[in-house]
Amino acid sequence: MKEYPSLPQENLKKIQRRIVFLLIVLGFGFGSILFRSWSLQITAGSFYHEQSENNRVREVFIQPRRGKVFDRNGNILINNVPGFTLYLIPEDVKSRDYVIHKISEVLGFTVEEIEKKVSQRQFSPYLPVKIKDGLTLREVALFEEDQLELAGLKIEVEYQRNYVYGKLAAHVLGYVSEINEKQMDSPDYENLPQGTLIGQYGIEKKYDQFIRGEPGEKGIEVDALGHEIKILNIKEPEGSKDLYLTIDLDTQKSAEEALGDEAGAVVAMDPGTGDILAMTSHPGFDPQNLSGRIRQNDWDTLIKDPFKPLNNRAIQGTYPPGSVFKVLLAITALEAHEIDPSKQIDCHGVFPFGKRVFRDWKKGGHGAVDLHRSIVESCDVYYYKLGDQLGVDLIAEQAHKFGLGRATGIDLPSEKEGIIPSSEWKLKTRRERWFPGETLSVSIGQGYVNFTPLQAAYMMTQVANGGYRYKPRLLRAVSGQETDQPIVFPPVLLDTHQISKRTLDVVREALRGVVQEPHGTAGTARSEYFETAGKTGTAQVIAAKAGAGGNLNSKMLPKFLQDHAWFVAFAPYQDPKIVVAVLVEHGGHGGSAAAPVAKKVLEAYLVKKPDRNPSGPSDRVTLDGRSQSRIPEGGED
Amino acid sequence: MFDRRLITKFDWKFLLIVFSILCVSVLSIYSVSAYKEQMKSMLYVKQIYWIMISMIVFFIAVVIDYHTISRYAYLVYAVVVILLLLVMFVGKVGLGAQRWLSFGFISFQPSEFSKLGILLVLAKYFSENAQGSGFRMTQLIFPVVLLGIPFFLVLKQPDLGTGLSMTFIFISMMFLVGLRSRSLVFIGLIFLMLLPFLWNFFWHHLKSYQKDRLLTFINPTVDPSGTGYHIIQSKIAIGSGGIFGNGLLGGTQSQLKFLPEGHTDFIFAVFAEEWGFIGIIVLLVLFGLLLLWGIDVAFKAKDSLGTFLAAGIVGMIGFNLIVNIGMTLGMMPVVGVPLPLMSYGGTAMVTTMAALGLLMNVKIRRFMLFY
């Protein structure tokens, strides 16, 4: 490298001496900074300190009003009502013990409960901690009268969740409560402030993101006592949407009434769309009591209740289907061309198999039985024979085509799958081979097989509509606050499995006989307004000692050991508009305990307000090749 | 090219000072971002990444002989001007000004780099043309043009702070090169005569918010929730710090986002609120040592190029420092000037560290007579 051209040394020195100018300028700058800092921090320090105390800016969240929830006809199910909410701002509290004591005294919380609440993770001590919503006027007054001593407590008017019909459809609607620590860490609930109400169950949980919206923020200037002085900036909450469910309020009401005090579940579906028209599970709970701040012991009572009121039996209760399963057996046999439906077998009430004897529910048997009678009178022997002939794997294959033993994909959290046993299933789960005797139990819906009332209804919708599998759904439409028109979702057709018209005709005719014929097991479901088709089931809670299907006299047993009663039906027979599945836990016989419940629900939907169908005829599927004539209202059949 | 003496002559004390200031920066940014909203973006972590990148740049700027760098000064200058032109056409708009160039994953502010460009090109020109007796008027035309092009480009963005910063680099070198007394008087007279016109021109080219800033600087209480808001809140934040400060994370004003831009232009207020007058003294001592060190480099440089480079760098850092702190203290109008080594922001960090690298470069090579 060549040397860089440089100045004579003397000139360089001259230049370097001028650096003093730079020093002077910098020195002057530093000097004034120091002087100014001194005057701000030392001379006027206390003035500015006071300013900062009295002149604070707070960012507070504005909770969006949660979206409302309507039934399919626009009847409101959940809305919001203004109420008082108590907040505590830790930074502003002057006398901590006094404040906590006061809260405890007025609201009945224990000191530990309040401490836990206040010490919960916070972004900043200046952010208000929600203590309780839904204060009564008296409670508000008690806090207000002591305002000066209670610096740091603040009462805000906020909207609170209101479940218009109380317990009605509680398991479907769910409830909301404050976001907990675990949920704050979940990506689904990112950046939600403490105290945010989020859906914890049912629709409220499933569609939380739709209903919740984005919290807004407000920058406010407050004085040292935390009183709002003025709003500096405001970002309104946005994005919460209203939901329109598929539920039909009147049908839902009738389902709840019809089930009464029995434990069990009712599911009503529209076979043409998969819409859930009603879904109830008993015992239930009042969402209002769970929403907002729930007291620990209230919660404990609820979850320790042996009847499990928080369990949605319609989608989480798995029960052996009993004779309801015979519908599937009949379809399997007919589709496999294994039987001639008119061929009769002799039923003497027993079916010897190997070293065991399988019994019919009817002592002495049904005599000569063809397929039609086997369904109408629910002959077990016929199905022992049929099941043995078909084998468990063929049955399982058909059951899977109907979507049984798998989650239906209904839009509710925590749906249970149930079990459709097969030889492969047994090998996998029990590490044992399948015994042919077990097929006989399965054939009458006992043994390993079990599924949910929803799945039972699901199966029947496919029988009713000719093999279309619509995804069961609860959400029909969503409205934005900014748009007037709700967005209606079309039904989701999952699959069409081809069941021959012949098979359907035979099975449906038999199902009609179950209700409409004199010897049918569900005469109690007969309506004077329309024809109903269905199948009863009686599911054993304990396996009878004499072998599956034995006839232990269940009336002698205590209630909790009695059989579960099933009835799954569709109506009107000619043009099915509704499918209803009823399960009564320990109800005894399907015909006596479950069928009358279904009848009430069917009548509620079909008779009292026949034109209740906002989705219109366009998205409906009717029976292939059948006339679409409607049943005259109130007419005789 | 690498010389053992680079290590033996390397001044580790200087690096210690720089590191101390960087630590203060990270702590202060952490403190601001401890508040909920910035938490997601983890600004202080990003700042640490930028510091690491800047360290690499720093060492590159130390290793390559400054004479070699100077030989490419006009090239660097040209690149900077092109980048500034690019900003005008494809730049990203942020906070009302078009300052950023974005390359997908990274975006930077060419106006920050333009300080380096002007520094290199002026140091080269002045050192090549300096005589002991000072500059003549005609000799100033070219450097003024060199300054003028990027100056007007950044002013257009608008980035008044960077424009003034460049001017101050120019002025600090002017101090050294000296003007003949006749020229000085002449310039002074012309300036005074042109002042009303200049002011008019200047004033009409300011954006309205810049005018507002100047006006509110004169009287901040005119619009306390608008433009004066920054100044008032900054003063409250600093003032409430008192002698000992409110402690780390204890600054109510900055924590509550009372202070907008707490992590960038008003980082000093955050620091002053939390560490008080004592903290300010410590910080000023650190910066003072840094600048004195730079002046020492300028004074002892082997050649005029080294002296001009060092003086320009001291001028640039000193100017940014005083103007930034001055504006947070309410002594100067709010112009967007970052606090060197402290404010959050990658481009400024890289620029400052590159400049400090150059300083070290000049210092180390003053002992090297032959190449």
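Keep in mind that what you see is a predicted model, and the values were worked out from it rather than measured. (Residues numbered from 1 in each chain as written. Chains lettered and ligands numbered in written order. Predicted model: local features only at pLDDT ≥ 70, side-chain atom pairs only at ≥ 80, totals over all residues. Heavy atoms only, no water.)

Novice: What exactly am I supposed to notice about the side chain of Thr-162 of chain B here?
Specialist: Residue and element names in this part refer to chain B. If you trace the backbone, Thr-162 turns up in helix α9 (residues 160-177). Overall, Thr-162 belongs to the buried group, its relative accessible area being 2%. The residues touching Thr-162, leaving out its near neighbours within four places in the chain, are Ser-111, Ser-114, Lys-115 and Val-154. (Helix = DSSP H or I, 4+ residues; strand = E, 2+ residues; numbered from the N terminus. Buried < 20%, exposed > 50% of the residue type's maximum accessible area, 1.4 Å probe, protein only. Contact = heavy atoms within 4.5 Å.)

Novice: Is there a simple way to explain a nonpolar patch on the surface in this structure?
Specialist: Taken together, Phe-186, Ile-190, Phe-191, Leu-192, Leu-194, Leu-195, Phe-197 and Leu-198 of chain B make up a surface patch of nonpolar side chains, about 770 Å² in accessible area. Topologically, Leu-198 of chain B is positioned in helix α10 (residues 181-205). (Patch = residues over 30% accessible without salt bridge, like charges linked within 9 Å, V, L, I, M, F, W, Y side chains within 5 Å. Areas by Shrake-Rupley, 256 points an atom, 1.4 Å probe, with all protein chains shown as cover. Salt bridge = Lys/Arg side-chain N within 4 Å of Asp/Glu carboxyl O.)

Novice: It is not clear to me how the packing of aromatic side chains should be interpreted in this structure. Could you clarify?
Specialist: Note on aromatic pairs: each is described by the distance of the centres and the angle between the planes. The final tally for this structure, using the stated rule, is 33 aromatic pairs over all chains. Measuring from ring centre to ring centre gives 6.4 Å for Phe-451 of chain A and Trp-566 of chain A, while their planes differ by 55°; the resulting arrangement is tilted. A residue pair is termed long-range when its members are at least 10 positions apart, and Phe-451 of chain A in the loop between α20 (436-443) and α21 (453-465) and Trp-566 of chain A in strand β22 (residues 564-571) qualify at 115 residues. Ring pairing ties together the aromatic residues Tyr-125, Phe-126, Phe-135, Phe-142, Phe-170 and Phe-308 of chain B, which thus form one cluster. Against the face of Tyr-159 of chain A rests Arg-65 of chain A, its NZ or CZ located 3.8 Å from the ring centre. (Phe/Tyr/Trp six-rings, centres within 6.5 Å; stacked < 30°, edge-to-face > 60°. Lys NZ or Arg CZ within 6 Å of the ring centre and 35° of its normal.)

Novice: Whenever I open this one, unusual backbone geometry confuses me. Can you help?
Specialist: What is expected of a backbone is that most residues other than glycine have negative phi and most peptide bonds are trans. All names here are of chain A. Following His-282, the chain continues to Pro-283 via a peptide bond in cis, the omega torsion being 0°. With respect to the helices, strands and loops of the structure, Pro-283 is situated in the loop between β12 (276-282) and α12 (287-290). The step from Ala-571 to Pro-572 runs through a cis peptide bond, and the omega angle for that step is -10°. Residue placement: Pro-572 occurs in the loop between β22 and β23 (578-584). Positive phi, normally seen in glycine, also occurs at His-337, with a value near 55°.

Novice: Whenever I open this one, the pattern of salt bridges confuses me. Can you help?
Specialist: Note on pairing: side chains with opposite charge can pair once their charged atoms come close. Scanning the model with the defined rule gives 25 salt bridges over all chains in all. Ionic pairing is found between Asp-505 of chain A and Lys-501 of chain A, a salt bridge with its closest N-O pair at 3.0 Å. Of this pair, Asp-505 of chain A and Lys-501 of chain A are both found in helix α22 (residues 501-516), 4 residues apart, which corresponds to roughly one turn of the helix. On the accessibility criterion, Lys-501 of chain A (45% relative accessible area) is partly exposed. Lys-13 of chain B serves as the salt-bridge partner of Asp-11 of chain B, at 4.0 Å between the closest nitrogen and oxygen. A residue is classified by how much of its surface remains accessible, and Lys-13 of chain B, at 63% relative accessible area, is exposed. Through salt bridges with shared partners, a single network forms among Arg-66, Arg-161, Glu-204, Asp-208 and Arg-212 of chain A.

Novice: Is there a simple way to explain the sheet that holds strand β11 (residues 264-269) of chain A in this structure?
Specialist: Each strand in a sheet pairs with another by means of backbone hydrogen bonds, the pair being arranged parallel or else antiparallel. All names here are of chain A. Taking strand neighbours across the sheet as the criterion, the 5 strands line up as β12-β11-β23-β22-β21 in an open arrangement whose pairing is antiparallel. Whereas interior strands pair on both sides, the edge strands pair on one side only; in this sheet they are β12 and β21 (533-539). Neighbour to neighbour, the strand axes of the sheet diverge by 5° on average, direction disregarded. The sheet contact formed by β11 and β12 spans 6 bridges and is antiparallel. In the sheet register, Ala-265 faces β12, and the bridge partner there is Ser-281. Contacting β21 and β22, α22 runs over the sheet at an angle of about 70° to β21. (Pairing = 2+ DSSP bridges. Axes fitted to C-alpha atoms, helices over the stretch in contact; angles between N-to-C directions.)

Novice: I would appreciate a short explanation of the environment of Arg-96 of chain A in the present structure.
Specialist: All names here are of chain A. Assignment of secondary structure puts Arg-96 in helix α4 (residues 96-107). Spatially, the C-alpha atom of Arg-96 lies 9.5 Å from that of Ala-151, the residues being 55 residues apart in sequence. What Arg-96 contacts, discounting residues up to four positions off in sequence, is Glu-115 and Val-118.

Novice: Is there a simple way to explain the state of the cysteines in this structure?
Specialist: In protein structure, a disulfide is the covalent linkage between the sulfur atoms of two cysteines. Scanning all chains against the criterion turns up 0 disulfides over all chains. Cys-379 of chain A takes part in no disulfide bond, and the closest cysteine sulfur to it belongs to Cys-347 of chain A, at a distance of 3.7 Å. (Disulfide = S-S within 2.5 Å.)

Novice: Looking at this model, I keep getting lost on the packing of helix α15 (residues 326-335) of chain A against helix α17 (residues 380-390) of chain A. Mind explaining?
Specialist: A pair of packed helices can be characterised by two numbers: the angle between their axes and the separation between those axes. Residue and element names in this part refer to chain A. Here α15 crosses α17 at 50°, and the two axes come no closer than 10 Å. Taken together, the axes of α15 and α17 lie oblique to each other. For the element pair α15 and α17, the recorded crossing hand is left-handed. Contacts between α15 and α17 involve Lys-326, Leu-329, Ala-330, Thr-332 and Ala-333 from the former and Asp-380, Tyr-383, Leu-386, Gly-387 and Leu-390 from the latter. Looking at side-chain class alone, the contact of α15 with α17 contains 6 nonpolar, 2 polar and 2 charged residues. (Parallel < 35°, antiparallel > 145°, perpendicular 65-115°, else oblique. Left-handed = near helix turned anticlockwise from the far one by under 90°. Nonpolar A, V, L, I, M, F, W, Y, C, P; charged D, E, K, R; others polar.)

Novice: How should the pairing of β23 of chain A be read in this particular structure?
Specialist: Successive side chains on a regular strand alternate, one facing one side of the sheet and the next facing the other. Residues and elements named next belong to chain A. Burial runs high along β23: 7 of the 7 residues are buried. A two-sided burial pattern is seen for β23, the buried positions comprising Ile-578, Val-580, Val-582 and Val-584 on one face and Val-579, Ala-581 and Leu-583 on the other. Relative to β23, β22 runs antiparallel, the two being bridged by 7 bridges. Paired with Ala-571 across the bridge in β23 is Ile-578. Counting the residues in the hairpin turn of β22 and β23 gives 6 residues.

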